[in-house]
Amino acid sequence: MPAKVSSRSSRTSATASNRASKASRASTSDLDIPEETPETQLRKQICAVFRDAQKTTATHRKLAVTLRKIHEACCYEPTRPNKKQAATTDHDDFDEADFNTEFTRCVFRIMPVKKSESVGDRTIRFVGLFLRHANDKDNDLLGETDADASTMPETPSSRLTTQVMEAVLPLLTSKDKFVRYRSTQLISHIINSLDAIDDELFQKLRQGLLKRIRDKEAVVRSQAVLGLGRLAGNQIEGMENPDDSDDDAETGLLEKLLEVLQNDPSAEVRRSLLVNLPILPNTLPYLLERARDQDAATRRAVYSRLLPALGDFRHLSLSMREKLLRWGLRDRDENVRKAAGRLFRDRWIEDCAGVNQSEEGEPAAPTLEGLLELLERIDVVNSGVENGVALEAMKGFWEGRPDYRAAMEFDDKFWETLSAESVFVARSFNEFCRTEGNGKYEGLVEEKLPEVTKIAYFLERYLNVLIEAIRRVNSQSNVEEDEEEDTVEQEFIVEQLLHIVLTLDYSDEVGRRKMFALLRQALSIPELPDEVTKLTIEVLRDICAPDAAGEKEFCSIVLEAVADVHDAIVDDGATGDGDESFHSARSEVSGASTPTKKGKATKDDEMSEEESREKAIKEIMINMKCLHIVQCMLSNVEGNLQENDHLVSMLNNLVVPAVRSHEAPVRERGLVCLGLCALLDRSLAEENLTLFMHFFSKGHAALQITALQILTDILNVHGAQLLTANPTLLKVYVKALRSGSRHPEVQGAATVAVSKLLLGRVVTDHETSSELLKTLIVAYFDPSTAGNQSVRQALNYFLPVFCYSRAENQDLLRSVALDALHALYNIREGIDDDEMDVDDEMASLNTIGACLVDWTDPRKCYMPGVPMDADRKNVNGDVHLDFAADILEKLDGNLGKEEKKIIAPLLGKLYISPTSTEEKLRTLYEDVSAGVEDGLLTDATGRNALYKIHVSLGKIVNALNEGDKMSRRSRSVSVAHSVATTATATADRTATDDGDGDDDATVVIGRRSGDATVLEEVREEDEGEGEGDGDGDGDGDGDTVIRREQEEEELVDELLSDEER
């Protein structure tokens, strides 16, 4: 189609100036919209298209076709003129420049639209769609001859794109954030819509968008990285030809985007880069790093968008696969865990199975080979152990893939050719069916797994293979790597079989006896690995009866195995005596032989040293193996130690000599066994507390942690009375909590231990609890623990949970809060500014004080029967009243001026509840009022806080006073009504009574005072008494003498003043 040449003269500015221009749309932005030109038919048609485009996206394609026809009519000469169309339209009067001007004019109108207005998004989408459609049409018109041109051909659509982009580019630096947002959004959208852009325009866009990645508005940065991500991808593709690319510029752009990906504070920006950056070997580590992003949606995008787009997961390294799986399945956000589970069971399994999902989205048919390869790709031998991620992954796999659950077949061939992957499939399937679904899948596992007798047969077979492999490796001096890997795999197979055996039903007596005999025999094998030994003992305990008799039988069997292991090791090539004691072998090494012949004596010495060394190593090996078996046994025993003769004998003959050993490994394992024995007997624990504390004081870091764990377990089992009776024990915990600079791991273990004691209410003594809690608070905010994440994470959980769980805990924290704040103030003052930045390493004291107030907030404390989301305005706030009293006491003391400035503002943060104890409210109000009158605080912040609590307390106390007055008045009204009724009845009775003068009539005078009746005290006097007649007899009428009004008023005033007092 030939290009159209304008047949009309150009419009002049004079023509436009002769007409009155329309005022531009009012806007608060600084967008400089060109002056309006006279309205034309072309403008009406283009504006109609844009008007319809902003209503809905459903008609965008149709509108793009319509606008393209207008575009073609302005740019090209029609090959077949349509007279009817020419008569009805005025396209011949307009050329390409007119169309571009009107199109750009409409684009300008989008710029000031706010982000919340969806019409702006729809219009920008339409602009991108139209430009892409126009470019495709122009490229089709060029034909095949120009398609392979090295330079981008110039077409009407390319010129339109260039004009629009260059018109919008200056708006990237606008002062109006909405203009910057819309201009950046438009440019990024056009970049992602088009296949090619002019090189000169490309550089302009690149520079303009690079400036926007530092914009203060996150939405602008987010749109900028969308466009730059596409530009970076195109540049990397062009780097294959080094002659045509600027490596520094391309690498610089990618480095800047990666720096934004790592450090931008906005999660939206990081997420935009995550899904738009090109996936390359040098960018992939940075992209996968977002699996640890602080934003949950960004972490989820790694598993739901990035990794599926990556393709075959087997291109990742083994360590990266394991990390991604562990991070995803153990994420704190449920949506991230679900996304990681779907990735594992839907995408990764399909990659290993070698098939893609069907077009309908249904998964491919299950294959055992694909599942085995999937487990191999995540290194199930290492990830399938305790605390490994493979078991969690397979739990989600079996839950989300019922087709694989139904397809699994565990026949004899499967069991006879077990590998590490296949046995883990069986173990994970068995564990899922027995623990999930509330017994829903137990019938499935009973159907698919063989009976106990057959499993015992397979276990025996693989045990023999394992022992043979271990003995073969031990007998060789140079062991090949393949043999070691084979031994590790065989050990893993036996471990997984024992996990299955641990869940079996032993109601079948034949199977139970077979399994019992097999495990009893296996436990006596000296070469049995430690983890296999542990699982074997757990199965034996499960097979034995759960009562005391079964526990004694279990102990006797294990101790017999200990004796067998000891004898087997001693008899195996032993050259010395068979003494069964466990004292140090080095103490028995004989001295040098008599040097009768110099050469012979030297040779004998050398042999003696070598033999003694071998003997010492052999004895250490014996002790360690036997103590490990005993340790596993004690972990499965719950009865009283003194009632079990086997345990008493074991304690005296094995554990105590081991604790006294000169060999450190033996002594440390003996200490663990002694600690387990102490859990079974209180008297033994009391006797050995000093020993455990000695190990803590003199031992290395690992031994200190062991001693702390033993002491904590003893207190948990036998009660905190041991802590009260041994003041030195408290010093052990305090010392451990303050040992962060020398042994941070000891401090971490002590933090967990003390947290358990306080949270479990094991330690209830107020003085002890206060000391421990104060030490924990100081450790939490101390800058020396900033690098000790075990301490920070433990306390980050413990402190809020401890305070919000019980009101007593809040009161305990309140009692130590100011002392802890004072200690932290001293720590902050003692920090040298030259050594560290105080503000970076330690929270401000105002922040610490706010945390203490928040942790003691009574509205956040758990109350039985009250939902957590219920309105808690009317709760008892005595804890904050006491806190305020403590603060006032401190302020009235001898604190420094700076410290007062820190403590005083806490008064304004306290919650003053009207339902608190009235006595405490009045007492505190008096103290605060005294502080206000005496000018307790001099700084403005402190005075404002004091005034704030003074006003809050004043309102509550005044309300209480008003309530008291109303209560007294109501009581007076009820008494007046009762007395008046009685007086009326008496007066009536007196008026009609003709009786003796002995009957005295009582008249009650009352007058209204407001709404209440004020009683006037009336004194009764007889006439005779008034006349001085002492006998009182006579024929008087018993009339009551009423005082005069003045006397009555005096009595009323006197009565009211008494009531007020």
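Note that the coordinates shown come from a computational prediction; the quantities given were computed from them, not determined experimentally.

1. Some details on the overall build of the protein chain
Looking only at helices and strands, the protein chain has 47 helices and 2 strands in total. For the protein chain, with 1061 residues in total, the buried portion stands at 44%. When the accessible area of the protein chain is evaluated, it comes to approximately 55,600 Å², of which 47% is carbon and sulfur surface.

2. Describing the packing of helix α31 (residues 664-680) against helix α32 (residues 682-698)
Helices that pack against each other are described as a pair by the angle of their axes relative to one another and the distance between those axes. Across the interface, α31 lies against α32 with an axial gap of 8 Å and an inter-helix angle of 150°. The pairing of α31 with α32 is recorded here as roughly antiparallel in orientation. The way α31 lies across α32 gives a crossing that is left-handed. Residues Arg667, Leu671, Leu674, Gly675, Cys677, Ala678 and Leu680 of α31 lie in contact with α32, whose contacting residues are Arg682, Leu684, Ala685, Asn688, Leu691, Phe692 and Phe695. Looking at side-chain class alone, the contact of α31 with α32 contains 10 nonpolar, 2 polar and 2 charged residues.

3. Observations concerning the pattern of salt bridges
This structure, assessed with the given rule, holds 52 salt bridges. Across the pair arginine 471 and glutamate 527 runs a salt bridge whose closest N-O atoms are separated by 3.4 Å. Taken together, the residues span a long stretch of sequence, with arginine 471 in helix α24 (residues 452-475) and glutamate 527 in the loop between α26 (509-523) and α27 (530-543) at a distance of 56 residues. Sharing partners across several salt bridges, the network here consists of Arg270, Glu289, Arg290 and Asp293.

4. Section: the packing of aromatic side chains
Scanning all chains against the criterion turns up 23 aromatic pairs. Aromatic pair phenylalanine 410 and phenylalanine 414: ring centres 5.0 Å apart, planes at 70°, arrangement edge-to-face. In this structure, phenylalanine 410 and phenylalanine 414 share a single accessibility class: buried. Ring geometry for phenylalanine 414 and tryptophan 415: centres 5.5 Å apart, planes at 90°, overall edge-to-face. Since its relative accessible area comes to 8%, phenylalanine 414 is described here as buried. Put simply, the rings of Phe313, Phe344, Trp348, Phe397, Trp398, Tyr404, Phe410, Phe414, Trp415, Phe429, Tyr457 and Phe458 pair up and form one aromatic cluster. The ring of tyrosine 462 has arginine 461 sitting right over it, with the charged end atom 5.7 Å from the ring centre. Taking NZ or CZ as reference, arginine 541 lies 5.6 Å from the ring centre of phenylalanine 554, over its face.

5. Overview of the packing of helix α37 (residues 766-781) against helix α38 (residues 789-805)
Interhelical geometry of α37 versus α38 gives an angle of 130° and a closest axis separation of 10 Å. Accordingly, the angle class assigned to the pair α37 and α38 is oblique. Crossing hand, α37 versus α38: left-handed. Mapping the contact onto sequence places Leu773, Leu776, Ile777, Ala779, Tyr780 and Phe781 in α37 and Arg792, Leu795, Asn796, Phe798, Leu799 and Phe802 in α38. Classifying every residue of the contact of α37 with α38 gives 10 nonpolar, 1 polar and 1 charged.

6. Re the side chain of glutamate 102
Within the secondary structure layout, glutamate 102 lies in helix α5 (residues 96-108). The class of glutamate 102 is buried, set by a relative accessible area of 7%. Those residues in contact with glutamate 102, other than ones at most four positions away along the chain, are Thr37, Thr40, Leu42, Arg43 and Ile46.

7. Comments concerning the state of the cysteines
Throughout the structure, instances matching the rule amount to 0 disulfides. Cysteine cysteine 544 remains unbridged, with the sulfur of cysteine 555 as its closest cysteine sulfur at 9.1 Å.

8. Some thoughts on the side chain of serine 174
Considering the arrangement of structural elements, one finds serine 174 in the loop between α7 (156-168) and α8 (177-193). Given the relative accessible area of 8%, serine 174 is considered buried. Only 3.1 Å separates the side chain of serine 174 from the backbone nitrogen of aspartate 176, close enough to count as a polar contact.

9. As for a negative patch on the surface
Negative charge collects at one region of the surface, where Glu480, Glu481, Asp482, Glu484, Glu485 and Asp486 lie side by side. Secondary-structure assignment places glutamate 481 in helix α25 (residues 481-501).

10. Some details on unusual backbone geometry
Positive phi values are uncommon outside glycine, yet asparagine 387 reaches one of about 70°. Within the secondary structure, asparagine 387 is located in the loop between α18 (380-383) and α19 (390-400). Of note in the backbone geometry, arginine 761 takes a positive phi value of approximately 55° without being a glycine. Take arginine 761: it is sitting in the loop between α36 (744-759) and α37.

11. With respect to α5
Its 13 residues place the ends of α5 18 Å apart at the C-alpha level, agreeing with the 18 Å of an ideal helix rising 1.5 Å per residue. Most of α5 is tucked away: 11 of the 13 residues are buried. Taken residue by residue, α5 has Glu96, Asp98, Phe99, Asn100, Glu102, Phe103, Thr104, Arg105, Cys106, Val107 and Phe108 as its buried positions. Buried residues in α5 make contact with α2 (41-53), α3 (60-75), α6 (118-142), α7 and α8.

12. Quick look at the environment of phenylalanine 692
As for its position among the elements, phenylalanine 692 is in helix α32. Taking the C-alpha atoms as reference, phenylalanine 692 lies 9.9 Å from leucine 703; in sequence the two are 11 residues apart. Setting aside residues up to four positions removed in sequence, phenylalanine 692 forms contacts with Leu671, Leu674, Gly675, Ala678, Ala707, Ile710, Leu711 and Ile714.

13. Observations concerning α27
Owing to its 3.6 residues per turn, the α-helix aligns residues three or four sequence positions apart on the same side. Under the 1.5 Å per step criterion, the end-to-end length of α27 is 20 Å for 14 residues, consistent within 8% with the ideal 20 Å. Of all the residues in α27, the buried ones are Val532, Thr533, Leu535, Thr536, Ile537, Val539, Leu540, Arg541 and Ile543.

14. Focus: the environment of arginine 68
Summarising the element assignment, arginine 68 is placed in helix α3. Classification of arginine 68 by relative accessible area gives buried; the value is 2%. Taking the C-alpha atoms as reference points, arginine 68 and leucine 131, separated by 63 residues in sequence, lie 9.1 Å from one another. Among all residues touching arginine 68, those that are not within four sequence positions of it are Tyr76, Phe130, His133, Ala134, Lys137, Asp138 and Leu141.

15. Considering the nonpolar core
Nonpolar side chains in soluble globular proteins tend to be buried together. With 270 residues, the main nonpolar core has Tyr303 and Met633 as its most contacted residues. Those residues within four positions of methionine 633 in sequence are excluded, and the remaining contacts are Ile537, Phe554, Cys555, Val558, Leu559, Leu647 and Met650.

16. Examining the confidence of the model for the protein chain
In the predicted model, the protein chain carries a mean pLDDT of 81, and the fraction of residues at 70 or more is 78%. Predicted confidence is poor over residues 83-89, with pLDDT under 50, and the contacts of this stretch with residues over four places away or in other chains come to 0 contacts. Low pLDDT, under 50, characterises residues 989-1049; the predicted model gives this stretch 51 contacts beyond four residues in sequence or across chains.

Here is what the cut-offs are and how they apply
- Residues numbered from 1 in each chain as written.
- Predicted model: local features only at pLDDT ≥ 70, side-chain atom pairs only at ≥ 80, totals over all residues.
- Heavy atoms only, no water.
- Helix = DSSP H or I, 4+ residues; strand = E, 2+ residues; numbered from the N terminus.
- Buried < 20%, exposed > 50% of the residue type's maximum accessible area, 1.4 Å probe, protein only.
- Areas by Shrake-Rupley, 256 points an atom, 1.4 Å probe, with all protein chains shown as cover.
- Axes fitted to C-alpha atoms, helices over the stretch in contact; angles between N-to-C directions.
- Parallel < 35°, antiparallel > 145°, perpendicular 65-115°, else oblique.
- Left-handed = near helix turned anticlockwise from the far one by under 90°.
- Contact = heavy atoms within 4.5 Å.
- Nonpolar A, V, L, I, M, F, W, Y, C, P; charged D, E, K, R; others polar.
- Salt bridge = Lys/Arg side-chain N within 4 Å of Asp/Glu carboxyl O.
- Phe/Tyr/Trp six-rings, centres within 6.5 Å; stacked < 30°, edge-to-face > 60°.
- Lys NZ or Arg CZ within 6 Å of the ring centre and 35° of its normal.
- Disulfide = S-S within 2.5 Å.
- Polar contact = N/O pair within 3.5 Å; in protein donor to acceptor, adjacent residues only side chain to side chain.
- Patch = residues over 30% accessible without salt bridge, like charges linked within 9 Å, V, L, I, M, F, W, Y side chains within 5 Å.
- Lys, Arg positive; Asp, Glu negative; His and termini not counted.
- Charge placed at Lys NZ, Arg CZ, Asp CG, Glu CD.
- Expected span 1.5 Å × (residues − 1).
- Core = buried A, V, L, I, M, F, W, Y, C linked by side-chain atoms within 4.5 Å.
- pLDDT = per-residue confidence, 0-100.

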